[in-house]
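Structure at a glance
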Amino acid sequence: MPAATVFPRRIRVLRRVVFFSLVVLTTVAALAMIASAFQQNGITPQELLLLFLYMLLILWVSTSFWQATIGFWLLLWGGDRQSISRLPARAGGRTDQAPPKTALVMPIYHEDPERVFAGLRAIYQSLRDTGRADEFELFVLSDSRNPDVWLEEEVHWYRMCCDFDAHGKIFYRNREKNIARKSGNLEEFCHRWGARYRYMIVLDADSLMCGSTLTRMVDLMEAHPTVALIQSPPLPVNHKSLFARILQFASSLYGEIFAAGASYWQLSDSNYWGHNAIIRVKPFAEHCGLPKLPGKEPFGGEIFSHDFVEAALLRKAGWEVWLAYDLKGSYEELPPTLIDYAKRDRRWCQGNLQHVRMVFARGFSPLSRLHFLMGIMSYLSSPLWFLFLLVTGFEAYVQSQTMPVYFFGDNVFPVWPESYAVEMTTVLLVTLAMLFLPKVWSLLLLLVRSEDRKAYGGIVRITLSVLFESIFSVLTAPILMLYQTNFVLAILSRRSTAWLAQQRSDHRLSVKEAFLAHWGQTFVGILAGYVSYRYVPSFFWWFLPVLAGLAFAIPLSMLSSSTALGLLAKRLGLFLTPEESAPPAVLSYLKDNLAQATAARRVVDDSLESKIGDPAVCSLHIALLPHRLVKRRQRHQLRALTYQVIEEGPGSLSVPEKRALAADPDSLTRLHILSWAQRGTGTASS
Amino acid sequence: MPQPLWDYLDRVGVRNEALRASLARQCLIHARKGAGLQVAEQLAAEAIEEVQRRLDRALAQGLGLHPVRDAAKLAGLRAALAMGQPDLSADFLFEGRDADKREEQLARLIARLPIATPPEAHLPMPAQPFHFVFFKSS
């Protein structure tokens, strides 16, 4: 537990009372309106269900709305004076005995080595520009299993060390057994080298951070000894496909108000998003070792989304966790297509739903439980919306079949049924307003920020971009709703997902890919359209935006994956971001590094055979292998595999078999020599 | 002169063609002695192994390393030589006429030795127990 001045409790309490009061009051008001319409003839079971679903959904929507609104208000008046970057330095606390060095750690797993190292180089170049590169060491923590990728990573690492004369400053480690995925990877780092560093900045394979941002984060940690983690808000950059450029624009334009709003009420109890964050190593190691949860995946086993849990554990131990919403120069990349986005969502969905248990873990603060609940709700909201639409459709059908009775009892005059159209329209408009007003807030904010306005392409282009983005999000929302509903159902039926490498590079979807991924949604859209048009025509027209998104899922997904369209939009000044208008140095470095890597790649044979045959690559790999004893039986197995390669080629081996060979210096040396010996005789099998 | 042997010497960093020819000849002779009458593939393998042995021996002698205990370090030095173009070559290891130049080259080579990880500095990271209200605890 840190003993220095902690952040004042009264400010935290006051802000949370304000925020949650707004959220609850909005929810109650919306519910009251919809309930008054339902009470016309007593509430039916399906109306009761609708009320319950609406309560959950409007609670979620109003949380997001008030977060954005408060963030907008704060930014309009110059930002939050209680943000971590504006607070005065706090004295006291235990002296951190670890040397004041910071490790930049990048856990990777089967990523494109070219992109990984181009990014790392860019970060290091930007860090050197600050003149404080000596305070940092870089660590590439590889969990890649495939020897092709493994050997390529090593070569890229060594070339980077040579190019920057940074031997002994940039490190590379390939884990022998990748237990517990990314959290296990970081855990192993802390266990082996943790005492060497006071801080670590965790990067994702696609992370980019400006040198000045890195040094600023270290300075903030030094100034606030009670803080264990500062999360920077990463902005998406570097995209070409239309899908990713639209998301990139939305995240860049709307993200700031949401982050400022979140920081307003979370303050020193913020969350960790897994990367682009600085962590105090000692408390992290002391409190964030993660156990395996009892039971099988998806709810048991290794903890998938470790970041939320680690933040909760730090808060439980009395450490502060902050979101520095105003910290610039922190970037990441997005999945390039709707399908890749959904694939990433599948993993995140499983990780967040696994947190159901954490909500009921002893010792966590109510706010930590709320963070877990919000993570769960970000995926559970999809099946809830789906159910809400189904029940609404059914209710509309029931209403359409009900004949009004004008004369009953002793009434001489007709009793006209009461109309609740005003209440229902108000409910709908309020819900839509809460969904779309944050976009308007962001636009309004640009009106007072002339430089930003120019960087986003001018007010006309920004307005058009917001309009198109809104249409696009309306169309894609039902597709994602069905995807996420499917994911939630799969997880609830205990189907786990594999740990696969992410597809990060741009690629145009083929008809086959799009059809296979979206035929179900298209079918649901057409079927729902037919049923609603046939039986409840008045409902059909209300339902049209949802139906259109589903029915056109295949062309929408294909078109949005196009880089040509993305670049055309860029040329037209649509979906522009400040990072596109005036790229920061770190992005220019990345672009140059990627261009150089691409040029170098053209002249290099990329196969595993060629890598083993290359004296430089093979020697480097052998030099980096950890020393280990091989038992006699293993030695025989390795020899058998070696002969299999000689006779049938490396293609005949599975990835684990290739890895076994690649992890053994003797086998590698034998294969290396044979590959050269066979060159002159022409007997090479490969 | 077998072309693969010639190419191999070039790839491991022997840039001087005369030296390369001389080393190739010596390695071939050694391979023939060791292997007797064999098929070309075995002879080439023996010769390439001999190149590696000579290179390792020269590196170990130059830097005071043990050929077996420091095998990983030697492999690292071999990689540094092979990747060291244009300012590093293995020639000085076999020529050894100019002592100053040799020292300078050795220093340059050591500076390029791959250092994959720093010395370990352990920090225990115990797994935190979780006690759940409605679920089995860890």
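Residues numbered from 1 in each chain as written. Chains lettered and ligands numbered in written order. Predicted model: local features only at pLDDT ≥ 70, side-chain atom pairs only at ≥ 80, totals over all residues.

Description of the overall build of chain B
Within chain B, the regular secondary structure consists of 6 helices and 0 strands. Relative to the compact-globule value of 14 Å for 138 residues, chain B shows a C-alpha radius of gyration of 23 Å, a clear excess of over 25%. Taking all 138 residues of chain B together, the buried fraction comes to 33%. Sequence separation of 24 or more characterises 50% of the internal contacts of chain B that already satisfy a separation of 6 or more. (Helix = DSSP H or I, 4+ residues; strand = E, 2+ residues; numbered from the N terminus. Rg over C-alpha atoms; globule rule 2.2 N^0.38 Å. Buried ≥ 20, exposed ≤ 12 C-beta atoms within 10 Å, placed from the backbone. Contact = placed C-beta atoms within 7 Å.)

Examining the overall build of chain A
The helix and strand inventory of chain A stands at 26 helices and 10 strands. Computed over C-alpha atoms, the radius of gyration of chain A comes to 28 Å, within 12% of the 26 Å expected from 2.2 N^0.38 for 686 residues, which places it in the range of a compact globule. Summarising its shape, the C-alpha atoms of chain A cover approximately 110 × 65 × 55 Å along the three principal directions. The buried share among the 686 residues of chain A stands at 46%.

Quick notes on the sheet that holds strand β4 (residues 199-202) of chain A
All names here are of chain A. The strand order across the open sheet formed by 7 strands is β3-β2-β1-β4-β8-β6-β9, and the pairing between neighbours is mixed. Unpaired on one side and paired on the other, β3 (170-174) and β9 (320-323) mark the two borders of the sheet. Here the strands of the sheet are splayed against their neighbours by 20° on average, with no regard to which way each runs. Strands β1 (102-108) and β2 (136-142) of the sheet are contacted by helix α3 (residues 113-129), whose axis makes an angle of about 170° with β2. (Pairing = 2+ DSSP bridges. Axes fitted to C-alpha atoms, helices over the stretch in contact; angles between N-to-C directions.)

A short note on the domain arrangement of chain A
Residues and elements named next belong to chain A. Domains assigned within chain A are domain 1 (1-402 + 419-508 + 561-604) and domain 2 (612-681). Domain 1 and domain 2 are separated by 42 Å when their C-alpha centres are compared. Between domain 1 and domain 2, the residue contacts involve 9 residues of the former and 9 residues of the latter. In terms of residue class, the side of domain 1 that touches domain 2 is built from 5 nonpolar, 1 polar and 3 charged. (Domains from an automatic or database assignment. Nonpolar A, V, L, I, M, F, W, Y, C, P; charged D, E, K, R; others polar.)

Description of the interface of chain A and chain B
Contacts between chain A and chain B engage 47 residues on the former and 45 residues on the latter. Those elements that place two or more of their residues in the side of chain A that touches chain B are α4 (147-163), β3, α5 (181-193), α8 (281-287), α23 (615-624) and α26 (665-681) of chain A. With 8 residues, α26(A) is the largest single contributor of residues to the side of chain A that touches chain B. Residue classes in the side of chain A that touches chain B are distributed as 26 nonpolar, 13 polar and 8 charged.

Side note on the pairing of β3(A)
All names here are of chain A. With 5 of 5 residues buried, β3 lies mostly within the body of the structure. Side chains of β3 alternate between two faces, with I170, Y172 and N174 and F171 and R173 buried alike. Sheet topology note: the β2/β3 ladder contains 5 bridges and is parallel. Pairing of F139 across the sheet is with F171, part of β3. You can see the chain leave β2, run along α4 and come back into β3, and the turn it takes is right-handed. (Right-handed = clockwise from strand over helix to strand, strands pointing away.)

Looking at unusual backbone geometry
Most peptide bonds take the trans configuration, and most residues that are not glycine carry a negative phi. All names here are of chain A. Residue P298 is bonded to the preceding E297 through a cis peptide linkage, with omega at 10°. Along the polypeptide, P298 turns up in the loop between α8 and α9 (306-316). Residue A180 is not a glycine yet carries a positive backbone phi of 60°. The phi dihedral of L267 is positive, around 45°, even though this residue is not glycine. By secondary structure assignment, the location of L267 is in the loop between α7 (242-266) and β8 (277-280).

Here's the deal with the packing of helix α15 (residues 459-492) of chain A against helix α17 (residues 537-551) of chain A
Residue and element names in this part refer to chain A. Two elements in contact, α15 and α17, have axes whose closest approach is 7 Å; the angle formed by their N-to-C orientations is 70°. Of the possible angle classes, the one that applies to α15 and α17 is roughly perpendicular. Along the contact surface, α15 presents V474, L475, T476, A477, P478 and I479, while α17 presents P545, V546, A548, G549 and L550. The residue inventory of the contact of α15 with α17, partitioned by class, reads 9 nonpolar, 2 polar and no charged. (Parallel < 35°, antiparallel > 145°, perpendicular 65-115°, else oblique.)

Examining the pairing of β4(A)
Regular strands have side chains that alternate between both faces of the sheet. Residues and elements named next belong to chain A. Where burial is concerned, the two faces of β4 agree: the one with Y199 and I201 and the one with M200 and V202 are both buried. As paired elements, β1 and β4 share 4 bridges and run parallel to each other. Within β4, the position partnered with A103 by the bridge is M200. Inspection of the sheet shows β4 paired to β8 by 4 bridges, in the antiparallel sense. When the sheet's bridge partners are listed, I201 is paired in β8 with I278.

Regarding the sheet that holds strand β10 (residues 330-332) of chain A
Residues and elements named next belong to chain A. Taken in spatial order, the 3 strands of this open sheet run β5-β10-β7, and their pairing is mixed. Every other strand in the sheet has two partners, leaving β5 (208-209) and β7 (235-236) as the edge strands with one partner each. As defined by bridge partners, β5 adjoins β10 across 2 bridges and the pair is classed as antiparallel. Residue pairing in the sheet places M209 in a bridge with S330 of β10.

As for α15(A)
Residue and element names in this part refer to chain A. Here α15 spans 46 Å end to end across 34 residues, near enough to the 50 Å set by a 1.5 Å rise per residue. Roughly 30° is the biggest bend found in α15, and it falls at T476, with proline P478 one to four residues downstream. One or two positions beyond α15, positive phi appears at R494, with a value near 65°. (Expected span 1.5 Å × (residues − 1). Bend = angle between axes of the 7 residues up to and from the residue.)

Observations regarding the packing of helix α12 (residues 366-401) of chain A against α15(A)
Residues and elements named next belong to chain A. With their axes 8 Å apart at the nearest point, α12 and α15 run at an angle of 110° to one another. Between α12 and α15, the angle is such that the two are roughly perpendicular. Contact residues: α12 offers Y379, L380, S382, P383, W385 and F386, while α15 offers M481, Q484, T485, F487 and V488. The class makeup of the residues in the contact of α12 with α15 is 8 nonpolar, 3 polar and no charged.

Looking at the confidence of the model for chain B
All names here are of chain B. Averaged over every residue, the pLDDT of chain B is 86; the share at 70 or more is 93%. The least confident element of chain B is helix α2 (residues 17-35), whose mean pLDDT is 85; the most confident is helix α4 (residues 71-82), at 94. Among the scores for the predicted complex, ipTM is 0.94 and pTM is 0.91. (pLDDT = per-residue confidence, 0-100.)

Some thoughts on the environment of Q637(A)
The topology assignment puts Q637(A) in helix α24 (residues 632-648). Q637(A) sits 24 residues away from L661(A) along the chain, and the two C-alpha atoms are 9.6 Å apart.

A short note on the confidence of the model for chain A
Residue and element names in this part refer to chain A. Mean pLDDT over chain A stands at 90; residues scoring 70 or higher make up 92%. Element-level pLDDT for chain A is lowest in helix α22 (residues 608-613), with a mean of 81, against a maximum mean of 98 in β8. Low confidence marks residues 682-686, where pLDDT is under 50. Its contacts with residues over four positions away, or in another chain, come to 12 contacts.

Topic: the environment of L55(B)
All names here are of chain B. In this fold, L55 is placed in helix α3 (residues 40-63). For L55, a count of 25 C-beta atoms within 10 Å puts it in the buried group. Sequence-wise, L55 and A90 are 35 residues apart; in three dimensions their C-alpha atoms are separated by 8.1 Å. The residues contacting L55, other than those within four sequence positions of it, are V12, R78 and A90.

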